[in-house]
Amino acid sequence: MIIENKDKPIKKELLKDLPIITLQNIDNLDDEKKLCYICLKEYIIGDKVLALPCLHNFHPDCVKEWFKEKNVCPICKSELTEEKVYGPEGKEETPGK
Ligand SMILES: [Zn+2]
Ligand SMILES: [Zn+2]
């Protein structure tokens, strides 16, 4: 039996364009969002986290390591596609000045 390995790294541009937010409030987060699922450390207020389109958050450094090999969210396994990151309109082109 051959198990197909579909794992592939995320596109570098996608990773670069994911928003990094500073946590202002933790109490109102769902339990699974109160900690980084990669290093399993709980967030503290003021932590910078990288927010995926599926609304899961991770430490930027942790998730960058993860995304070297995979392009899915570590929690919900949803694939990070350009459409999810940029929306149906695609990436906004900034015209050169
Ligand atoms: Zn982490
Ligand atoms: Zn997710």
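Residues numbered from 1 in each chain as written. Chains lettered and ligands numbered in written order. Predicted model: local features only at pLDDT ≥ 70, side-chain atom pairs only at ≥ 80, totals over all residues.

A.B. asks: Give a description of the overall build of the protein chain that names residues and reports values.
C.D. replies: Regarding its fold elements, the protein chain presents three helices and three strands. Listing each helix as α and each strand as β along the protein chain from the N terminus yields α-β-β-β-α-α. Principal axes of the C-alpha set define a box for the protein chain whose edges measure 55 × 35 × 20 Å. In the protein chain, which comprises 97 residues, the proportion classed as buried is 13%. (Helix = DSSP H or I, 4+ residues; strand = E, 2+ residues; numbered from the N terminus. Buried ≥ 20, exposed ≤ 12 C-beta atoms within 10 Å, placed from the backbone.)

A.B. asks: Would you mind going over unusual backbone geometry in detail, with residue names and values included?
C.D. replies: The phi torsion at Leu-40 lies on the positive side, around 65 degrees, for a residue other than glycine. One can find Leu-40 in the loop between β1 (20-22) and β2 (48-51). For Leu-40, a count of 8 C-beta atoms within 10 Å puts it in the exposed group. A positive phi angle is found at Lys-77, which is not glycine, with a value near 65 degrees. Classification of Lys-77 as exposed rests on a count of 9 C-beta atoms within 10 Å.

A.B. asks: An account of the sheet that holds β2 is requested, with residue identities and associated values reported.
C.D. replies: Strands pair in a sheet through their backbones, by hydrogen bonds, and they do so in one of two ways: parallel or antiparallel. The three strands lie next to each other as β1-β2-β3, forming an open sheet whose pairing is antiparallel. Strands with a single pairing partner mark the edges of an open sheet, and in this sheet they are β1 and β3 (57-58). By the bridge criterion, two bridges tie β2 to β3 in an arrangement that is antiparallel. Residue pairing across strands places Ala-51 opposite Asn-57, the latter belonging to β3. (Pairing = 2+ DSSP bridges.)

A.B. asks: Summarise the nonpolar core; cite the residues concerned and give the values.
C.D. replies: Ile-10, Cys-36, Val-49, Leu-50, Leu-52, Phe-58, Val-63, Phe-67, Cys-73 and Leu-80 form the largest nonpolar core, which has 10 residues in total. The contact partners of Ile-10, leaving out residues within four places of it in the chain, are Leu-15, Phe-67, Asn-71 and Leu-80. (Core = buried A, V, L, I, M, F, W, Y, C linked by C-beta atoms within 7 Å. Contact = placed C-beta atoms within 7 Å.)

A.B. asks: Just give me the short version of the pairing of β2, but keep the residues and values in it.
C.D. replies: Along a regular strand, successive side chains alternate from one face of the sheet to the other. Summarising the sheet, β1 and β2 pair through three bridges and their orientation is antiparallel. For Thr-22, the partnering residue across the bridge sits in β2 and is Lys-48. The turn linking β2 back onto β3 is made up of five residues, and Leu-55 within it adopts a positive phi angle of 75 degrees.

A.B. asks: Requested: an account of the environment of Thr-22, with residues and values cited.
C.D. replies: By secondary structure assignment, the location of Thr-22 is in strand β1. Considered as a pair, Thr-22 and Leu-50 are 28 residues apart in the sequence and their alpha carbons are 8.8 Å apart.

A.B. asks: Break down the environment of Leu-52 for me, citing the residues and quoting the values.
C.D. replies: With respect to the helices, strands and loops of the structure, Leu-52 is situated in the loop between β2 and β3. Separated by 20 residues in the primary sequence, Leu-52 and Val-72 place their C-alpha atoms 9.8 Å from one another. For Leu-52, the contacting residues outside a window of four places in its chain are Leu-18, Cys-73 and Leu-80.

Shape is all these values report; function is a separate question.
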